[in-house]
Number of protein chains: 2
Amino acid sequence: MLRQVVERGPRSRATIAQDTGLNKSTVSSLVSELMEFGLLVERGAEHRGTAGRPGLVVDVARDGVIALGLEVNVDYLGVQATDLAGGSRYKAMEAVDNRGRGVDEVFEALGALTQGALNEVQAQGLRPIGATVALPGLVDIRRGALLVAPNLHWTDVPVVELLREHIDSTTLPISADNEANLAALAELWEGAATEYSDFVYVSGEIGVGGGIILGGELFRGYRGFGGEFGHTTVEVDGRPCACGSRGCLETRAGLEPLLAAAGLSAEAVTTRGAGKPVAELRRRAEDGDTAALAALTECGRWLGVALGTVVNMLSPQAIILGGYFAPTAEWLAPVIASELSARVLGGNGAVPPVIASRLGAEAAMRGAAATQLRHVLADPTLVAI
Amino acid sequence: MLRQVVERGPRSRATIAQDTGLNKSTVSSLVSELMEFGLLVERGAEHRGTAGRPGLVVDVARDGVIALGLEVNVDYLGVQATDLAGGSRYKAMEAVDNRGRGVDEVFEALGALTQGALNEVQAQGLRPIGATVALPGLVDIRRGALLVAPNLHWTDVPVVELLREHIDSTTLPISADNEANLAALAELWEGAATEYSDFVYVSGEIGVGGGIILGGELFRGYRGFGGEFGHTTVEVDGRPCACGSRGCLETRAGLEPLLAAAGLSAEAVTTRGAGKPVAELRRRAEDGDTAALAALTECGRWLGVALGTVVNMLSPQAIILGGYFAPTAEWLAPVIASELSARVLGGNGAVPPVIASRLGAEAAMRGAAATQLRHVLADPTLVAI
């Protein structure tokens, strides 16, 4: 019932009774309970096409609960608070090259960002119900630990435990997951892929991440480490990759090789924040700068090679480009499409559309917060005090 | 109930009643019906640990129904008849390079093989309940048509329709599927993967095929063309592939480049039948022949590169090697394992075991026949006359 109000908008108790098949007194009693939990509110009048006394409607409590989506990435930290209606209630990002910092220093900074967000939302009268941390590497979701993050050179970091040490709350539920997995879920739930059930999400950051959605669910694989498109081998004896292998896609399509090929200094990446060098690259490409255009074409070609393999393997409905691949999609997507039509077995019927994310740099954090909120939609008693 | 007898062996009506929770008269009535359908028979005595009068047992009717598994591959045609107990009741293979023949000629030959099998099993008193054709390319399973078979240079072949023109029966159910998909199912049901629920199967023939099993089911992908590992790009500007692309795995790990690298003539492939040049290669490798060993190492390396990408994407429980990769697995598997440990993100916990098929060249045909038999297990009334 709560999910229905969240997904289809404010409605009267009578409408809910009609749509759910529950009787009116059951609906009234459930609504009262969800109002007590701070998940629903009563307000205004329901718009009706017909005449008659307008009834009260129940709506999602925008000023009830929120969840935090946190992110530790290679070159930034971030936090985002989302309410049950999907509204963003607080956000903060810190552009910083975490490769130059120790784990403790990073988690102290993430803890400060998190505590700042908690303080701010509580001052707004909102109630935090959980936090999920998006991470640029393989995650043991059961233990809430980062197993390996190649670009950070971190292994076995007990993320949930470390974060808890740096915030006041001892009871806030905290979980962790791979950033591209969470971003893929955000695309499914509220992004470019709401009409797709089976797609692959590939995102460009310092590393290249991926997420696979099959049948409307995140696919992790039996061992839990699926979707790592960034480590598709595109050159058997290629450039060394941070993961220890050679010739991985991210040695060609990660942000740094792209900027280097475009003649943008590597320093621009680390000193100006994740968004800015990409904005500069876009500007140059729009101005017809030869180096920028050639770099984007080259990057698109490598992406197309790797995605051709992905499509031959998974035969997906669509491909979603995230991270910096989204703002550069107008240059990358046609090159990718051309590689796909050359490399995918089965011709046009087998080649999926290539679509840019519209969630921007917040995709993973939005997916992280939504993961927590969806726990509440599935079981509202989780927020019973 | 039928599935229970097939999977767990002969048992008394009383045992069946106990295990299924059905009452004895229901079991007796079901058993009678399945005996009428020719699916169960009554025989012998059930072995009991305790004293007492031994009861009659019901068992799968080995002399009841059979299904045909047919295969059109690049360098052979084959047929295999399997009974409900999994026994092989007839088989025939014809080693012939189908690249030198037209579609009509091939289907005339396949029709003759099929009719020969039908005549033979009917002479044995067996009743054919369906046939599935395994094909070396993308299959539209709904239409029973081969969409594209790169190595045969065939497109849009109405396989089921063509086969029917060349056999006497107008009612035998016929379906078609990709050969590696069917072989992967055979591995799951009765081969090297019966203990796995999530694995990738990769097979070496003239082409390199693949099948993906997720959660105990064949994964086809949204567009239906998943599992095409053979067209994983391993060299971006590599050798031209029959599919029209370049640098696909099968340009390096297909049977012909392997034999060429080992110094075995290409003619050996086409004139001596699929099994023989591989037997010769094995013999040379066992004798320590340098060219044979180097060719196998090189082949294993390319397979390992492609499978590294597969594992990073799907995080499977195991990898099964089929086709000619099975009899050469003692040389290929260690090289593959070494590439995987270099290329798979997440270290040893992420690297799956690499296991050789034991079904030999019949894997796809066994899977094809079993697919038909499983329809009957799911719905025994399909064989009601």
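Report on the accompanying structure. (Residues numbered from 1 in each chain as written. Chains lettered and ligands numbered in written order. Predicted model: local features only at pLDDT ≥ 70, side-chain atom pairs only at ≥ 80, totals over all residues. Heavy atoms only, no water.)

What to know about the pairing of strand β6 (residues 127-135) of chain B
Consecutive side chains of a regular strand alternate in pointing toward one face of the sheet and then the other.
Residues and elements named next belong to chain B.
Part 1: Of all 9 residues that make up β6, 8 are buried, and the element is covered over most of its length.
Part 2: Pairing of strand β3 (residues 65-72) with β6, which is carried by 6 bridges, proceeds in the parallel orientation. Among the inter-strand pairings, E71 is bridged to a residue of β6, identified as A134.
Part 3: Note that β6 and strand β10 (residues 174-178) share 5 bridges and pair parallel. By the bridge assignment for β10, V133 is matched with A176. (Buried < 20%, exposed > 50% of the residue type's maximum accessible area, 1.4 Å probe, protein only. Helix = DSSP H or I, 4+ residues; strand = E, 2+ residues; numbered from the N terminus. Pairing = 2+ DSSP bridges.)

Some words on the packing of aromatic side chains
All names here are of chain A.
Part 1: What the rule picks out here adds up to 4 aromatic pairs over all chains.
Part 2: Ring geometry for F107 against W154: centres 6.1 Å apart, planes inclined by 40°, an arrangement best described as tilted. Note that F107 is positioned in helix α4 (residues 103-123) and W154 in strand β9 (residues 154-157), a separation of 47 residues in sequence. (Phe/Tyr/Trp six-rings, centres within 6.5 Å; stacked < 30°, edge-to-face > 60°.)

Focus: the nonpolar core
A general trend in soluble globular proteins is that nonpolar side chains are found buried together.
Part 1: Counting residues in hydrophobic clusters, the biggest one holds 172 residues, and the most contacted among them are A:V72, A:V133, A:F325, B:V72, B:V133, B:L303 and B:F325.
Part 2: Once residues lying within four places of it in the same chain are set aside, the contact partners of B:V133 are B:L70, B:V72, B:L110, B:V159, B:L163, B:I174, B:S175, B:A176, B:D177 and B:L182. (Core = buried A, V, L, I, M, F, W, Y, C linked by side-chain atoms within 4.5 Å. Contact = heavy atoms within 4.5 Å.)

Observations concerning the sheet that holds strand β4 (residues 76-83) of chain A
All names here are of chain A.
Part 1: On the basis of which strands lie adjacent, the open sheet formed by 5 strands has the order β5-β4-β3-β6-β10 and mixed pairing. Single-partner strands in this sheet number two, and they are β5 (88-95) and β10 (174-178). With direction set aside, neighbouring strand axes in the sheet form an average angle of 15°.
Part 2: Across the sheet, helix α6 (residues 179-190) lies against β3 (65-72), β6 (127-135) and β10, angled at about 95° from β10, the strand it touches most.
Part 3: Together, β3, β4, β5, β6 and β10 form the strand contacts of helix α13 (residues 363-378), whose direction differs from that of β3 by roughly 145°. (Axes fitted to C-alpha atoms, helices over the stretch in contact; angles between N-to-C directions.)

Quick word on the pattern of salt bridges
All names here are of chain A.
Part 1: Counted by the stated rule, this structure contains 48 salt bridges over all chains.
Part 2: Among the ionic pairs, R11 bridges to D19, the shortest N-O distance being 3.1 Å.
Part 3: Classification of R11 as buried rests on a relative accessible area of 9%.
Part 4: Notably, a salt bridge pairs E42 with R13, separated by 2.7 Å at the nearest N-O pair. (Salt bridge = Lys/Arg side-chain N within 4 Å of Asp/Glu carboxyl O.)

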